[in-house]
Amino acid sequence: MKSYNALNDYYRTLFGEKTFKVPIDAGFDCPNRDGTVAKGGCTFCTVSGSGDAIVAPDAPIREQFYKEIDFMHRKWPDVRKYLVYFQNFTNTHEKVEIIRERYEQAINEPGVVGINIGTRPDCLPDETIAYLAELSERMHVTVELGLQTTFEKTSDLINRAHSYELYVETVKRLRKFPKIEIVSHLINGLPGETHEMMLENVRRCVTDNDIQGIKLHLLHLMTNTRMQRDYHEGRLQLLSQEEYVNIICDQLEIIPKHIVIHRITGDAPRDMLIGPMWSLNKWEVLNAIETEMRRRGSIQGCKAKEQKFIC
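It should be emphasised that the depicted structure is a prediction, and the values quoted were computed from it without experimental measurement.

J.: Whenever I open this one, the pairing of strand 3 (residues 112-119) confuses me. Can you help?
T.: Each regular strand carries side chains that alternate between the two faces of the sheet. Of all eight residues that make up strand 3, seven are buried, and the element is covered over most of its length. Viewed along the sheet, the connection from strand 2 (residues 81-86) through helix 3 (residues 96-107) into strand 3 turns out right-handed. Two strands pair when backbone bridges link them, and strand 3 and strand 4 (residues 140-148) are joined in this way by six bridges, in the parallel orientation. Residue pairing across strands places Ile115 opposite Val141, the latter belonging to strand 4. On the question of chirality, the crossover connecting strand 3 to the parallel strand 4 by way of helix 4 (residues 126-136) is right-handed.

Right, here's the structure in full:
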């Protein structure tokens, strides 16, 4: 048993068996790349918009789906259930008619039991949320909200181009439809953020907001990103593995035990990664986190405070 509420266990309970998340590039852009709210994108983001591991991003959506599951079946040939994961860039940044047309190309395939949608708090107008609510009556729907930080100074520095206040408001609007689950993304190691600030990011995120899951990412410094300049000019210090493990364990202790931990580390292509290079040893990092939790005698939520959602 892990010391935290792990995603794989949650999906096995929910769907009765192991379930694949199938990443898809649906051809969406981001509002802070195309000039809607800003230009240039988040300073940590690559040209693929966090979709560097997608097998065939230029193929039609349905073809991407089958190429991905064929690839995954090489390791897990018996998996029969799938969650379509519209992963990179902002997958609600379009008119709802276009969103519907792109989603429906994949979600009606055999074995699909749900959809995960990577997006931002500023790209969920009422008509889009209404469509997601409709989908939630047909299948499991998860909206993955990129937050990354709750501190406005950091948000400005990384060109996030939306506020924490807007995130809070968007969570409230989504939770009017209780079948839609919300997973929030935070990044540990952003420029200028201390250990205490990273804990505060999690505390605000899980205590003040009615979310069902969280993704905790390590900042990967990648080639061809605007953040390279921060690093080379000394404004960014990459975390050591020991620092990261301690941060994650401290964060897990304050996350209520019912919240599903969708991620506590991350993946980055070796040929694009500047650092931290220790992050390439994913299982070593995961094992170190579990070892530290056991050394402490800790479990997820052992120091959690009562949730008081912002009204």
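So, next bit.
J.: Please clarify how the environment of Asn224 should be interpreted in this entry.
T.: Mapped onto the elements, Asn224 comes out in the loop between strand 7 (221-222) and helix 8 (227-232). The spatial distance from the C-alpha of Asn224 to the C-alpha of Thr46 is 6.6 Å, given a sequence separation of 178 residues.

J.: Would you explain the packing of helix 7 (residues 195-207) against helix 9 (residues 241-254) in this entry?
T.: In helix packing, the relevant descriptors are the interaxial angle and the interaxial distance, both defined with respect to the helix axes. It is the contact of helix 7 with helix 9, at a shortest axis distance of 10 Å, that shows an interaxial angle of 30°. Classified by the interaxial angle, the pair formed by helix 7 and helix 9 is roughly parallel. The interaxial crossing formed by helix 7 with helix 9 has right-handed handedness. Side by side, helix 7 and helix 9 meet where His195, Met198, Leu199, Val202, Arg203 and Val206 of the first sit next to Asn246, Ile247, Asp250, Gln251 and Ile254 of the second.

J.: Would you explain the side chain of Gln64 in this entry?
T.: By secondary structure assignment, the location of Gln64 is in helix 2 (residues 61-73). Take Gln64: its relative accessible area is 1%, and that puts it in the buried class.

J.: Looking at this structure, how should I read the packing of helix 3 against helix 4?
T.: Two numbers describe how helix 3 lies on helix 4: the axes approach to 10 Å, and their chain directions differ by 25°. What the angle tells us is that helix 3 and helix 4 run roughly parallel. Here helix 3 runs over helix 4; the crossing is right-handed. Counted together, Val96, Ile99, Arg100, Tyr103, Glu104 and Ile107 of helix 3 and Glu127, Thr128, Tyr131, Leu132, Glu134 and Leu135 of helix 4 form the full contact between these two elements. When the residues that make up the contact of helix 3 with helix 4 are grouped by side-chain class, the tally is seven nonpolar, one polar and four charged.

J.: Honestly, helix 10 (residues 282-296) in this entry has me stumped. Any pointers?
T.: Each α-helix turn comprises 3.6 residues. Residues three or four places apart therefore point the same way. Between its first and last C-alpha, helix 10 extends 21 Å over 15 residues, near the 21 Å set by a 1.5 Å rise per residue. Just downstream of helix 10, Gly297 is the residue with a positive phi angle, here 75°.

J.: What is the right way to look at helix 4 in this model?
T.: Those residues of helix 4 that fall on the buried side of the exposure criterion are Thr128, Ile129, Tyr131, Leu132, Ala133, Leu135 and Ser136. Of the surrounding secondary structure, the elements contacted by the buried residues of helix 4 are helix 3, strand 3, strand 4, helix 6 (164-174) and strand 5 (180-188).

J.: What exactly am I supposed to notice about the sheet that holds strand 2 here?
T.: Neighbouring strands of a sheet are bound in pairs by backbone hydrogen bonds; such pairs are parallel or else antiparallel. The sheet built from seven strands is open, its strands ordered 1-2-3-4-5-6-8 with parallel pairing. The open sheet has two free edges, formed respectively by strand 1 (19-24) and strand 8 (260-263), since each of these has just one partner strand. Direction aside, neighbouring strands of the sheet carry axes that sit 25° apart on average. Set on the sheet, helix 6 makes contact with strand 4 and strand 5; between it and strand 4 the angle comes to about 170°.

Rules used throughout
- Residues numbered from 1 in each chain as written.
- Predicted model: local features only at pLDDT ≥ 70, side-chain atom pairs only at ≥ 80, totals over all residues.
- Heavy atoms only, no water.
- Buried < 20%, exposed > 50% of the residue type's maximum accessible area, 1.4 Å probe, protein only.
- Helix = DSSP H or I, 4+ residues; strand = E, 2+ residues; numbered from the N terminus.
- Right-handed = clockwise from strand over helix to strand, strands pointing away.
- Pairing = 2+ DSSP bridges.
- Axes fitted to C-alpha atoms, helices over the stretch in contact; angles between N-to-C directions.
- Parallel < 35°, antiparallel > 145°, perpendicular 65-115°, else oblique.
- Left-handed = near helix turned anticlockwise from the far one by under 90°.
- Contact = heavy atoms within 4.5 Å.
- Nonpolar A, V, L, I, M, F, W, Y, C, P; charged D, E, K, R; others polar.
- Expected span 1.5 Å × (residues − 1).

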